[in-house]
Protein chains: 2
Amino acid sequence: MPLLTPSRRLRRTPFSDGVEAAGVSSYTVYNHMLLPTAFMGVEEDYHHLKNHVQVWDVSVERQVKLSGPDAEHLLKVLTPRDLSRFQVGQCLYMPFVNQGGFMLNDPVGLKLGENEFSISIADSDLLLWIKGVAQGYGFDVNVEEPDISPLAIQGPKADELAARVFGDEVRALRFFCFGAFEFRGHKLHIARSGFSKQGGFEVYVGPSAIGMELWDALFEAGRDLEVRAGCPNGIERIEGGLLSYGNDMTRDNTPFECGLGKFAAPRADSSCIGATALMRAAEAGPDRQIRALEIQGPAPACDRAWSLYSGYEWAGEVTSAAWSPDFQCTVAIAMIEKDFLQAGCPLSVQTQSGVLDGCVRPVFWI
Amino acid sequence: MPLLTPSRRLRRTPFSDGVEAAGVSSYTVYNHMLLPTAFMGVEEDYHHLKNHVQVWDVSVERQVKLSGPDAEHLLKVLTPRDLSRFQVGQCLYMPFVNQGGFMLNDPVGLKLGENEFSISIADSDLLLWIKGVAQGYGFDVNVEEPDISPLAIQGPKADELAARVFGDEVRALRFFCFGAFEFRGHKLHIARSGFSKQGGFEVYVGPSAIGMELWDALFEAGRDLEVRAGCPNGIERIEGGLLSYGNDMTRDNTPFECGLGKFAAPRADSSCIGATALMRAAEAGPDRQIRALEIQGPAPACDRAWSLYSGYEWAGEVTSAAWSPDFQCTVAIAMIEKDFLQAGCPLSVQTQSGVLDGCVRPVFWI
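Every value quoted in this text rests on a predicted model; they were computed, and no experiment measured them. (Residues numbered from 1 in each chain as written. Chains lettered and ligands numbered in written order. Predicted model: local features only at pLDDT ≥ 70, side-chain atom pairs only at ≥ 80, totals over all residues. Heavy atoms only, no water.)

1. A few points about unusual backbone geometry
Outside of glycine, negative phi angles account for most residues, and trans bonds account for most peptide bonds. Defined as follows: Under the DSSP-based scheme used, a helix requires at least four consecutive residues in state H or I and a strand at least two consecutive residues in state E, with every element numbered from the N terminus.
Residue Gly206 of chain A is joined to Pro207 of chain A through a cis peptide bond whose omega torsion reads 0 degrees. Summarising the element assignment, Pro207 of chain A is placed in the loop between strand S15 (200–205) and helix H6 (211–221). Non-glycine residue Asn31 of chain A carries a positive phi angle of around 50 degrees. Within the secondary structure, Asn31 of chain A sits in the loop between strand S2 (26–30) and strand S3 (33–38). In this structure, Phe176 of chain B takes a positive phi of about 65 degrees despite not being glycine. In this structure, Phe176 of chain B sits in the loop between helix H5 (158–166) and strand S13 (178–183).

Pasting the structure below:
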């Protein structure tokens, strides 16, 4: 694995001191910020995540806050997702697309109040897109990156740990809903959400100055729960079919190709950017789609898209892959051409170090 | 130094195979892409760069191409830089600012033709900003990231190496001018430019498929020149005062604070985004400015901004620093509050591992 040269440009987070003290062993860079990728090792982290509880520094999920008279109007221009029943206290997964209907980001939006939203972004500078659009349309709206850094609590014991620190009311949060909880005089939004299938919460921590105080409080409270520092796990998220923008979908893909059609089908009255292109794409149907792919045996690091072939015919590409200890195969996410989508379809996988056997699965692993 | 976990999201380049074969030892991530930071070691690379010639994979300088009837109009909206004498064949350094007059990026623009520009960007998704603005204003312009990846040839023997591969005409290129040169049937733009003070060229290589062919041709032609794979050098660029967006300036800084006032003073008739804010900022004068700072003795890795103090008074922050073998001190770039700008001003530097003595310099080292 190559080394990462530190610099101020790769921003540290309010929790970086804790992450380092916990023995982070590798990083990636996401939204110009450090995101841990392993502590005890990806496989050991994986087993621990499935059995206990972890605290994740996911500050890289930067927030873009929209507020002011035109905030809701702007959001309706930015996403094809139907916002008509979007309530204060809800989270909503909302693809953002460009004029051509291609994916720019797949954020989760939080409705904080009437005309007040926080957009929790994947890895592209959506702040610039939103500000550019707002500027061009002349909207009366404030668009900013606030001093808020998400901290996730994930794993089967997440409810217990969160309740010890934030009170039992946190247990009542429904999936993709958030509420305000107090921590030492600060009101923090906590949502039942997170980038794993093990359950848990995301705490929207701000200002930065309280970051390490909360970090330490969680570790103190969770000692007997075997709490550890963790991070989005490269194996578990593939097993669970959690897509990663930049890996599994890019500006070259439509929402329909990514299985996000139900969040991106513009209604006839929609004024969102890309509406015409999306309607055309919905009608035509996608030429390729994301599927789970099982690969026999271990594979090298998936540091590039791997071409898929059916005989000599190009059949798509693998976009993420990792060895799964639980399923004893390489679990993978692939963008597969429409002729090869059926479960059981055998495909050959061209990696940087040789050809492997793959097979399309009907569903993800969990 | 921490490890970097590879993934498809951290894009490889057309030259990555060559970079790896040449023994890259560390990377950073820039515009969602891999940028080498060292081969033989930052200090050995530094000495070699100053004496010989290096080939740099700077594909991370992604291009944003503007073309169509409103391309020039759009560019005038996007940058305060005066474009009235911008000629085809010229490169122009052009800060982009937001509505508040704060830096979004500091790209170099190439004028390819009337209403045809290529913007060579620093580390932020300027494509999204430009597309957002173009969308909002309803401009008739095509905005895209083409399949072009810059390769730099830098060092005192750069002219000799470039001439051997592209012909002697390349020697006649003036600084920040570009021309079209042929390489095995492909027309490539080559500019006399690059992120070092050692002289040289940037070759705009596309399509990707010819990347390794050109890479190999340069190494073959330069064997007796001691050509090596290199990269923007963390020491040399600080000595030369070459600013890095994300390190030395961010969205929190105006162009005036960054010494870029002459490129960002909007004329009275300017319609660029941020014009009003820039005029106000120009009139008020900057509260802080970038300066060279000499630090006694070696310093730790500058992975965060280091606070500067004059006694107990806050005096600014160091944004980049590295030990200089040639000048036998830690060379640094700092954003310094206006009361402490004078050359010779002693400041204490709070690093993550202790306090060091610093001194404001009148100029950079070269």
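2. Re the relation of the copies chain A and chain B
Rules: Least squares is the method for superposing the copies, and the C-alpha atoms it fits come from residues with pLDDT of at least 70 in both. Contacts are residue-level and defined by heavy atoms, with any inter-residue pair within 4.5 Å sufficient.
With an RMSD of 0.0 Å, chain A superimposes on chain B once it is rotated by 180 degrees and translated 0.0 Å along the axis. Expressed as an axis order, the relation between the two copies is that of a two-fold axis. Closest to the rotation axis within chain A is the C-alpha of Gly136 of chain A, separated from it by 1.8 Å. Interface residue correspondence from chain A to chain B reaches 100%, placing this contact among same-surface, isologous pairings.

3. Remarks on the interface of chain A and chain B
The line we're drawing: We define a salt bridge as a side-chain nitrogen of Lys or Arg found within 4 Å of a carboxyl oxygen belonging to Asp or Glu. Polarity classes work like this: nonpolar for Ala, Val, Leu, Ile, Met, Phe, Trp, Tyr, Cys and Pro, charged for Asp, Glu, Lys and Arg, and polar for all others, with Gly in that last group. Whether two strands pair comes down to DSSP finding at least two bridges between them.
At the junction of the two partners, chain A supplies 50 residues and chain B supplies 50 residues. Counting across the chain A and chain B interface gives 8 salt bridges. Here Glu317 of chain B ties to Arg8 of chain A by a salt bridge, and the two come within 3.5 Å at their closest N and O atoms. Residue contributions to the side of chain A that touches chain B peak at 10 residues, all from helix H4 (residues 126–137) of chain A. Residue classes in the side of chain A that touches chain B are distributed as 21 nonpolar, 17 polar and 12 charged. Sheet topology note: the S2 of chain A/strand S1 (residues 3–4) of chain B ladder contains 2 bridges and is parallel. The residue of S1 of chain B that forms the bridge with Ser26 of chain A is Leu3 of chain B.

4. Focus on the pattern of salt bridges
Residues and elements named next belong to chain B. Operational definition: The cut-offs for exposure are 20% and 50% of the maximum accessible area for each residue type, with area from a 1.4 Å probe on protein chains only; residues under the lower value are buried, those over the upper are exposed, and the others partly exposed.
Throughout the structure, instances matching the rule amount to 54 salt bridges over all chains. Between Arg184 and Glu213 there is a salt bridge, with the nearest N and O atoms lying 3.3 Å from each other. Note that Arg184 is positioned in the loop between S13 and strand S14 (186–191) and Glu213 in helix H6 (residues 211–221), a separation of 29 residues in sequence. The exposure class assigned to Glu213 is partly exposed, which follows from its relative accessible area of 36%.

5. Structural notes on helix H2 (residues 42–51) of chain B
Because the α-helix completes a turn every 3.6 residues, residues three or four places apart line up on one side. For H2 of chain B, the full list of buried residues reads Asp45, Tyr46, His48, Leu49 and Lys50 of chain B. In this fold, the buried residues of H2 of chain B make contact with strand S3 (33–38), strand S4 (54–57), strand S12 (149–154), strand S16 (228–230), helix H7 (236–239) and strand S19 (313–324) of chain B.

6. What to know about the sheet that holds S16 of chain B
Across a sheet, strands are paired by hydrogen bonds formed along the backbone, either parallel or antiparallel in direction. Residues and elements named next belong to chain B. Inclusion rule: Only the stretch in contact is used when a helix axis is fitted, and all axes are lines through C-alpha atoms; the angle between N-to-C directions ranges over 0 to 180 degrees.
The 6 strands lie next to each other as S13-S14-S15-S12-S4-S16, forming an open sheet whose pairing is mixed. Both outer strands of the open sheet, S13 and S16, are each paired with one neighbouring strand and no more. The average undirected angle you get between the axes of adjacent strands in this sheet is 30 degrees. As paired elements, S14 and strand S15 (residues 200–205) share 3 bridges and run antiparallel to each other. Bridging from a neighbouring strand, His189 pairs with Tyr204 of S15.

7. Structural notes on the sheet that holds strand S6 (residues 91–93) of chain A
Residues and elements named next belong to chain A. The sheet built from 5 strands is open, its strands ordered S6-S9-S10-S5-S11 with antiparallel pairing. Of all strands in the sheet, those with a lone pairing partner are S6 and strand S11 (142–144), marking the two edges. On average, each strand axis in the sheet is tilted by 20 degrees relative to the strand beside it, whichever way the strands run. Relative to S11, strand S5 (residues 63–67) runs antiparallel, the two sharing 3 bridges. Bridge pairing in S11 places Lys65 opposite Glu144. The sheet contacts of H4 involve S5, strand S10 (116–120) and S11, and relative to S11 the element is tilted by about 165 degrees.

8. Re empty space enclosed by the protein
Test applied: Cavity and pocket criteria rest on a 1 Å grid covering protein atoms alone: a 1.4 Å probe that fits but cannot get out defines a cavity, protein on both sides within 12 Å along at least 5 of 7 lines defines an open pocket, and an atom within 4 Å of a point defines a lining residue. Grid points are joined across faces, edges and corners, and a volume is the space filled by probe spheres set on the points.
Summed over the entire model, instances satisfying the criterion amount to 2 cavities of 30 Å³ or more. Here the largest cavity is characterised by a volume of approximately 100 Å³. Contributing to the lining of the largest cavity are 14 residues, with Arg251 of chain A together with Ile121, Asp125, Leu127 and Glu145 of chain B lying nearest its centre. Elements represented by at least two residues in the lining of the largest cavity include exactly strand S5 (63–67) and helix H4 (126–137) of chain B. When residues of the lining of the largest cavity are assigned to their parent elements, the largest contribution, 3 residues, is made by H4 of chain B. Taken together, the residues that form the lining of the largest cavity break down as 5 nonpolar, 4 polar and 5 charged. In this structure, the second largest cavity spans a volume of roughly 80 Å³. Every residue lining the second largest cavity is counted, 14 residues in all, and those nearest its centre are Val29, His32 and Asp123 of chain A together with Val29 and His32 of chain B. Looking at the lining of the second largest cavity, the elements that each hand over two or more residues are S2 of chain A together with strand S2 (26–30) of chain B. Tallied by class, the residues present in the lining of the second largest cavity amount to 6 nonpolar, 4 polar and 4 charged.

9. Comments concerning the nonpolar core
Inclusion rule: Buried residues of nine kinds, namely Ala, Val, Leu, Ile, Met, Phe, Trp, Tyr and Cys, make up a nonpolar core once their side-chain atoms join them within 4.5 Å.
Counting residues in hydrophobic clusters, the biggest one holds 74 residues, and the most contacted among them are Phe166 and Leu214 of chain A together with Phe166 and Leu214 of chain B. One finds Ala191, Met249, Leu260 and Phe263 of chain A within the second-largest nonpolar core, a separate group that totals 38 residues.

10. Some points on the state of the cysteines
Residue and element names in this part refer to chain A. Here is the rule: In what follows, a disulfide is any cysteine sulfur pair within 2.5 Å.
The final tally for this structure, using the stated rule, is 0 disulfides over all chains. A disulfide-free cysteine, Cys272 has its sulfur positioned 16 Å from the sulfur of Cys258, the nearest such atom. Take Cys272: its relative accessible area is 5%, and that puts it in the buried class. Unpaired in terms of disulfides, Cys359 finds its nearest cysteine sulfur in Cys345, a separation of 7.7 Å.

11. Some thoughts on the packing of aromatic side chains
The relative placement of two aromatic rings is captured by the distance of their centres and the angle of their planes. For the record, the criterion: Each Phe, Tyr or Trp ring, with Trp reduced to its six-membered ring, pairs with another whose centre is within 6.5 Å; inter-plane angles below 30 degrees give stacked pairs, above 60 give edge-to-face pairs, and intermediate values give tilted ones.
Evaluated as defined, the whole model comprises 16 aromatic pairs over all chains. A network of ring pairs unites the aromatic residues Phe15, Trp215 and Phe219 of chain A as a single cluster.

12. Focus: the confidence of the model for chain A
What counts is decided by this rule: Residue-level confidence of the predictor, termed pLDDT, takes values from 0 up to 100.
On average, residues of chain A carry a pLDDT of 97, and 100% of them reach 70 or more. The ipTM for the predicted assembly is 0.96, set against a pTM of 0.97.

13. What to know about the environment of Asp17 of chain A
Within the secondary structure layout, Asp17 of chain A lies in helix H1 (residues 16–21). Owing to a relative accessible area of 45%, Asp17 of chain A belongs among the partly exposed residues under this scheme. As for Asp17 of chain A and Gly211 of chain A, which are separated by 194 residues in sequence, their C-alpha atoms are 9.9 Å apart. Sequence-distant contacts of Asp17 of chain A, defined by excluding residues within four places in its chain, comprise Arg12 and Met212 of chain A together with Arg304 of chain B.

14. Some thoughts on H6 of chain A
Heads up, the rule is: This arc is built from the directions going out from the helix axis to the C-beta atoms.
Those residues of H6 of chain A that fall on the buried side of the exposure criterion are Gly211, Leu214, Trp215, Ala217 and Leu218 of chain A. The buried residues of H6 of chain A occupy one face: seen down the axis, they fall within an arc of 165 degrees.

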